[in-house]
Amino acid sequence: MPMFGRDTELKDLGALVDRPGDHSGFLIEGEPGVGKSALVGAAVAAAAVAGVRVLRTAGAEAEQNLPFAGLHRLLYPLRRGFDALPPPQFEALTTALGMSDGLDEPSPYLVGLAALTLLADIVLPNTADATDRPLLIVAEDVHWLDAASAEVLAFLARRVVGEPIAMIATLREGLASPLSAAGLTVLLLRPLSDVDATALLDSAAPELPVPVRRRVLAQAQGNPLALIELPTTAADLDEQVALLPMTERLERTFSARGARLPEPSRSALLVAALNDSDSLGEALAATGAVLGCVVEPGSLTPAVESGLIDIASGTVTFRHPLMRSALVAAATDDRRRRAHLALAELLDATPDRRVWHRAAGTVGPAEEVAVELEDIAKRARHTSGAIAALERAAALSDTPGRRADRLLRAAELAVDSGRRDTVARLVDAARTLPLTAGQEATANWLLTEFDDGMRENSTRIGELAVLAAAVAADGYPDPALRILWGVAARCYWSEPGPDIRRVVLTVADTFAIPDGDPRKLAIDSIVAPFERGEQVLGHLRALTATAGRDPEVDHFLSSAAYQVGAFDLAAHFSGVAAAGFRSAGRLGLLTRALAIQARGLTRVGDLAAAAPLAAEAAAFALETGQPFMHATGTAVQAEIAALRGDYAEAAAFAAEAERNGLAAGARPVLATAQLARGLIALGEGRFDDAFDDMYRLQDPRDPSHSYSLHGYFLAELTEAAVRAGRADTLREVLNGLTPVAAVTPAPALHIGMRYARAVLATDDAADRFAEALAADLTGWPAERGRLHLAYGEWLRRQRRVVESRTHLRTAREIFDALGFAAWSERARVELRGAGESSPNRDPDAREQLTPHELSIAQLAAQGLTNREIGQRLYLSHRTVSTHLHRIFPKLGISSRSDLAALLPTPEGAPE
């Protein structure tokens with residue numbers, strides 16, 4: 001049958017099929033029956049003509065609780081290619097698809113990378129002179145896909161641009177899917193115009209009497225499926241039906257059609273509709289169990305003739321999802337339960353499916369089934385499956401206590417997967433039950449866990465700390481510790497004041513956790529970074545030798561190091577943690593580790609290593625739904641751009657970070673953005689503005705004041721103060737920080753204090769500079785460069801010109817190497833004043849590349865293959881190859897063998 005009124009959409013889909021790779025694809029949205037599947041069919045037909053391979057999957061309501069079911073349907077035809085995958089990807093993919101017993105819960109991102117590698121491999125040409133073999137991925141009804149498959153498809157959609165791969169997905173209007181935010185171009189289908197609706201009806205039912213034709217046109221309201229199906233039940237088109245929404249109107253039509261079928265067909269259709277498989281054999285066998293007789297395939301012939309289903313190759317396929325849902329909705333509760341239980345009896349070989357059907361067929365408490373569902377949750381290959389199993393287990397629990405426990409455990413998993421609405425629904429359900437003190441505490445914590453509690457009033461911090469203490473006293477240490485960690489996170493992002501910080505620290509000290517425990521170190525460092533700085537630093541230095549054993553431990557240690565101003569240690573621990581999270585596909589935690597690593601490397605001056613990490617952190621934060629980590633990554637990008645002298649870019653990054661950080665009062669984000677603004681002003685010679693921008697960080701009333709960070713930017717503040725004639729104000733700041741410096745050995749604080757005192761000194765300046773340069777600045781090249789520059793400037797002013805040249809030359813070399821443009825130019829100007837010329841600084845190769853290109857180029861310079869680089873960066877090896885071919889001309893080279901000389905391995909690069 002020809003399509004009417006979709007010329008524009010057909011043209012767009014045709015262009016996609018002709019040139020896959022120009023963009024990732026389309027998400028076709030619209031109400032049921034509006035023609036989404038028809039457009040997909042047209043695209044698939046065009047792909048066949050163009051020689052484009054098609055892989056298909058579709059969401060099914062009955063399969064939503066089966067993790068990776070949709071992905072299995074998509075990739076199982078490619079199973080012969082699984083063996084070529086790198087071992088971690090092979091294990092993740094085969095475990096996800098139920099083809100091996102491997103990881104307990106493979107990361108969707110690692111599974112996604114495996115799928116991306118597999119697809120990139122199959123589009124490669126068989127011979128060197130052959131062309132690529134394009135691929136079209138089709139995913140229909142993605143609103144019904146299991147969550148794990150939907151996440152993997154979204155991962156793929158974000159990364160197939162530039163590949164000879166395209167994706168077309170369909171989504172029911174008004175429903176949600178991860179594919180909605182995956183970069184696919186939305187094609188929103190509206191009902192047909194009157195002219196096109198008339199043409200379609202004339203084509204579908206040319207013999208329809210005029211009065212009925214008018215009634216069909218009026219009630220179909222331009223919906224193509226209604227225009228095709230309503231004529232077959234024209235006699236049922238009464239005014240009451242016409243008042244229903246279109247979806248219900250169509251379902252009423254389909255259920256009426258099913259009701260007219262003979263009994264064996266009706267029962268078999270219901271079983272097939274409830275089954276989470278399209279197996280014809282299963283449907284017939286279960287129907288036989290329901291009816292107590294043998295049911296032959298011919299019993300479904302009336303259903304085929306009525307246009308409800310198709311049967312081919314041992315499978316049952318409903319011609320439209322509404323037909324399936326209509327038959328289920330029309331059946332009585334008893335008929336649905338009997339069908340589920342009949343299916344359960346057949347499925348001993350697939351225990352998870354058996355338990356789910358048994359649960360669906362059970363009414364009232366059934367603790368035995370609930371325990372089986374708990375077992376499913378424990379071995380679920382994705383969090384979404386575990387949440388669904390625990391929620392259903394709660395409904396079948398035999399006591400209120402067990403029900404509440406299962407609901408709260410499901411809610412905890414929902415927190416970990418970022419499902420805010422699910423958490424609220426599960427906690428609300430639990431609170432209708434009598435809760436223990438531990439359960440009530442867990443409920444309180446769960447509702448405040450998103451975004452590290454940043455959107456709450458800071459007074460809530462003290463309340464949660466007291467709650468954590470009470471929960472621990474009642475004998476529930478694990479939930480108490482989770483609450484306390486959430487409290488510490490709130491102390492980092494906001495400023496509760498000294499009294500509340502003391503309360504939190506007192507509570508932390510009552511917990512039976514050794515002082516050297518990484519969790520305790522992280523909590524102490526956030527809540528009391530100066531008061532506990534010496535103790536924390538001692539443990540951190542002792543633990544550097546153990547790094548690499550557990551990425552979560554390393555992540556806690558990197559956070560602690562950053563808070564106590566040990567930016568070099570923060571970069572070290574976070575780099576090791578990032579490598580572990582990356583290999584395990586834990587992108588949420590990888591984002592946080594990358595952000596800390598980028599911040600640490602930026603603070604010590606390794607901009608070349610920090611820039612790609614900050615960009616990667618910002619990108620992954622968006623993908624994993626962490627808006628404030630995205631703001632953090634963006635703020636670090638602003639600081640890096642300002643240090644490099646890219647002031648317009650720095651200002652844009654700072655403004656973006658500030659927009660995201662202001663609404664929630666994310667103080668570390670605002671502090672870094674404000675620092676970037678000060679660096680911009682300093683580089684542009686606006687010294688008063690620079691001082692005003694940076695001095696805001698010292699004011700506790702200012703939203704950019706961060707308790708732990710305000711003492712760690714003294715060198716920059718000092719430069720601005722001296723040039724703006726605000727030395728007296730700077731001395732007040734130093735006086736205020738002197739008692740703090742007396743109780744903590746925080747490296748960043750003491751480096752800044754020594755620098756400021758040397759620059760401000762009069763009679764003993766030379767001794768001050770000598771003292772500052774004698775300190776251990778290993779791993780702090782930017783601070784060493786600042787000292788040499790300031791000392792050289794002072795020596796020149798003292799007419800000790802010859803001595804000044806050595807320090808100024810050293811500063812120039814350091815800043816040239818680091819890419820600190822403004823400081824490099826200052827050193828050149830001072831050297832000219834001292835009678836020495838400087839060679840022009842050629843741009844470093846790394847500065848000619850985007851952060852993303854730099855990530856790829858640095859890994860290639862380390863000798864990694866395209867496939868290995870793809871594994872690190874969650875890209876296909878084809879995409880890596882494409883980027884390298886763009887990078888070579890930028891750098892004036894022709895092969896990857898030249899990269900090692902141009903791009904030496906940066907400090908902090910993952911092993």
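Remember, predicted model here, so these are calculated numbers, not experimental data. (Residues numbered from 1 in each chain as written. Predicted model: local features only at pLDDT ≥ 70, side-chain atom pairs only at ≥ 80, totals over all residues. Heavy atoms only, no water.)

Moving on, we get to the overall build of the chain. When helices and strands are counted, the chain shows 46 helices and 7 strands. A compact globule built from 911 residues should have a C-alpha radius of gyration of about 29 Å, and the chain, at 32 Å, falls within 12% of that. Oriented by its inertia axes, the alpha-carbon framework of the chain measures out at about 105 × 70 × 50 Å. A burial count over the chain gives 56% of its 911 residues as buried. A sequence separation of at least 24 residues applies to 67% of the contacts in the chain between residues at least 6 apart. (Helix = DSSP H or I, 4+ residues; strand = E, 2+ residues; numbered from the N terminus. Rg over C-alpha atoms; globule rule 2.2 N^0.38 Å. Buried < 20%, exposed > 50% of the residue type's maximum accessible area, 1.4 Å probe, protein only. Contact = heavy atoms within 4.5 Å.)

Tracing the backbone through its elements, the reader meets Thr 442 in helix α22 (residues 437-447). With a relative accessible area of 9%, Thr 442 lands in the buried category. When residues no more than four places from it in sequence are discounted, the contact partners of Thr 442 are Leu 408, Glu 412 and Pro 479.

Take the nonpolar core next. If you look at the biggest cluster of nonpolar residues, it comprises 221 residues, and the most contacted ones within it are Leu 75, Leu 93 and Leu 119. The residues contacting Leu 119, other than those within four sequence positions of it, are Leu 55, Leu 75, Leu 78, Leu 135, Ile 137, Leu 156 and Ile 165. Of all hydrophobic cores here, the second largest spans 43 residues; its members include Leu 230, Val 271, Val 295 and Leu 343. (Core = buried A, V, L, I, M, F, W, Y, C linked by side-chain atoms within 4.5 Å.)

The pairing of strands in a sheet happens through backbone hydrogen bonds and is either parallel or antiparallel. Sheet architecture is open: 5 strands sit in the order β2-β3-β4-β1-β5, paired in parallel fashion. A strand with exactly one partner marks an edge of an open sheet, and here the two such strands are β2 (53-58) and β5 (185-188). Between one strand axis and the next, the sheet turns through 15° on average, direction left out of account. Bridge count for strand β3 (residues 135-140) against strand β4 (residues 165-172) is 5 bridges, and the pairing is parallel. Of the residues in β4, the one forming a bridge with Ile 137 is Met 167. Running at roughly 135° to β4, helix α6 (residues 147-159) makes contact with β2, β3 and β4 of the sheet. (Pairing = 2+ DSSP bridges. Axes fitted to C-alpha atoms, helices over the stretch in contact; angles between N-to-C directions.)

Moving on, we come to the environment of Arg 541. Position of Arg 541 among the secondary structure elements: in helix α27 (residues 533-543). For the pair Arg 541 and Ala 115, spaced 426 residues apart in sequence, the C-alpha to C-alpha distance is 41 Å. When residues no more than four places from it in sequence are discounted, the contact partners of Arg 541 are Leu 569 and Pro 747.

Attention now moves to the environment of Ala 329. Looking at the secondary structure, you find Ala 329 in helix α15 (residues 321-330). Given the relative accessible area of 58%, Ala 329 is considered exposed. Distance in space between the C-alpha atoms of Ala 329 and Pro 264 is 18 Å, their sequence separation being 65 residues.

The subject of this paragraph is helix α29 (residues 567-584). The terminal C-alpha atoms of α29 lie 25 Å apart, and with 18 residues this matches the ideal 26 Å at 1.5 Å per residue to within 8%. Inspection of α29 places Phe 567, Leu 569, Ala 570, Ala 571, Phe 573, Ser 574, Gly 575, Ala 577, Ala 578, Phe 581 and Arg 582 among the buried residues, and these make up the whole buried set. On its buried side, α29 packs onto α27, α28 (551-563), α30 (587-604), α31 (607-623), α38 (747-760) and α44 (866-873). Looking one or two residues beyond α29, the residue adopting positive phi is Gly 585, at roughly 75°. (Expected span 1.5 Å × (residues − 1).)

Turning to unusual backbone geometry, a few remarks are in order. Here Arg 799, not a glycine, exhibits a phi torsion of approximately 65°, which is positive. With respect to the helices, strands and loops of the structure, Arg 799 is situated in the loop between α40 (781-797) and α41 (801-818). Judged by relative accessible area, Arg 799 falls into the exposed class, the value being 75%. The phi dihedral of Tyr 874 is positive, around 60°, even though this residue is not glycine. By secondary structure assignment, the location of Tyr 874 is in the loop between α44 and α45 (877-891).

What follows is about the packing of helix α35 (residues 687-695) against helix α36 (residues 714-724). Between α35 and α36, the shortest axis-to-axis distance is 8 Å and the interhelical angle comes to 140°. With respect to their mutual orientation, α35 and α36 come out oblique. Seen along the crossing, α35 lies across α36 with a hand that is left-handed. Within the contact between the two elements, α35 uses Phe 687, Asp 688, Ala 690, Phe 691, Met 694 and Tyr 695 and α36 uses Glu 716, Leu 717, Ala 720, Ala 721, Arg 723 and Ala 724. Grouping the constituent residues of the contact of α35 with α36 by class yields 9 nonpolar, no polar and 3 charged. (Parallel < 35°, antiparallel > 145°, perpendicular 65-115°, else oblique. Left-handed = near helix turned anticlockwise from the far one by under 90°. Nonpolar A, V, L, I, M, F, W, Y, C, P; charged D, E, K, R; others polar.)

The tally for this structure, following the rule as stated, stands at 61 salt bridges. Put simply, Arg 677 and Glu 658 hold a salt bridge, and the shortest N to O gap is 2.7 Å. Note that Arg 677 is positioned in helix α34 (residues 667-683) and Glu 658 in helix α33 (residues 647-662), a separation of 19 residues in sequence. Taking the relative accessible area as the measure of exposure, Arg 677 reaches 24% and is therefore partly exposed. The shortest N-O distance in the salt bridge between Arg 701 and Asp 699 comes to 3.1 Å. (Salt bridge = Lys/Arg side-chain N within 4 Å of Asp/Glu carboxyl O.)

Attention now goes to the packing of aromatic side chains. Taken as a whole and assessed by the stated rule, the structure comprises 16 aromatic pairs. Each ring, one from Phe 155 and one from Tyr 874, has its centre 6.2 Å from the other, and the planes form 80°; the classification is edge-to-face. Of this pair, Phe 155 sits in helix α6 while Tyr 874 sits in the loop between α44 and α45, and the two are 719 residues apart along the sequence. By relative accessible area, which is 0% here, Phe 155 ends up buried. With a centroid separation of 5.7 Å and an interplanar angle of 65°, the aromatic rings of Phe 820 and Trp 823 are classed as edge-to-face. Residue classification places Phe 820 among the buried positions, given a relative accessible area of 2%. One residue, Arg 159, lies across the ring of Phe 155, its end atom 3.8 Å from the ring centre. (Phe/Tyr/Trp six-rings, centres within 6.5 Å; stacked < 30°, edge-to-face > 60°. Lys NZ or Arg CZ within 6 Å of the ring centre and 35° of its normal.)

Of all 6 residues in strand β1 (residues 25-30), 6 are buried, a share of seventy percent or more. Side-chain alternation along β1 places Gly 25, Leu 27 and Glu 29 on one buried face and Phe 26, Ile 28 and Gly 30 on a second face that is also buried. Here β1 runs beside β4; their pairing, made up of 6 bridges, is parallel. By the bridge assignment, Gly 25 is partnered in β4 with Met 167. As defined by bridge partners, β1 adjoins β5 across 4 bridges and the pair is classed as parallel. Bridge pairing links Glu 29 to Leu 188 in β5.

Along its 15 residues, helix α5 (residues 108-122) runs 21 Å from first to last C-alpha, staying within 8% of the 21 Å computed at 1.5 Å per residue. Counted residue by residue, α5 has 14 buried out of 15 residues, so it is predominantly covered. Sitting at the amino-terminal end of α5 is Ser 107, which places a side-chain oxygen 3.1 Å from the backbone nitrogen of Tyr 109. (Polar contact = N/O pair within 3.5 Å; in protein donor to acceptor, adjacent residues only side chain to side chain.)

Turning our attention to the environment of Glu 656. Structurally, Glu 656 is set in helix α33. Along the chain, Glu 656 and Val 52 lie 604 residues apart, while their C-alpha atoms are 41 Å from each other. Excluding anything up to four places from it in sequence, Glu 656 contacts His 630 and Thr 634.

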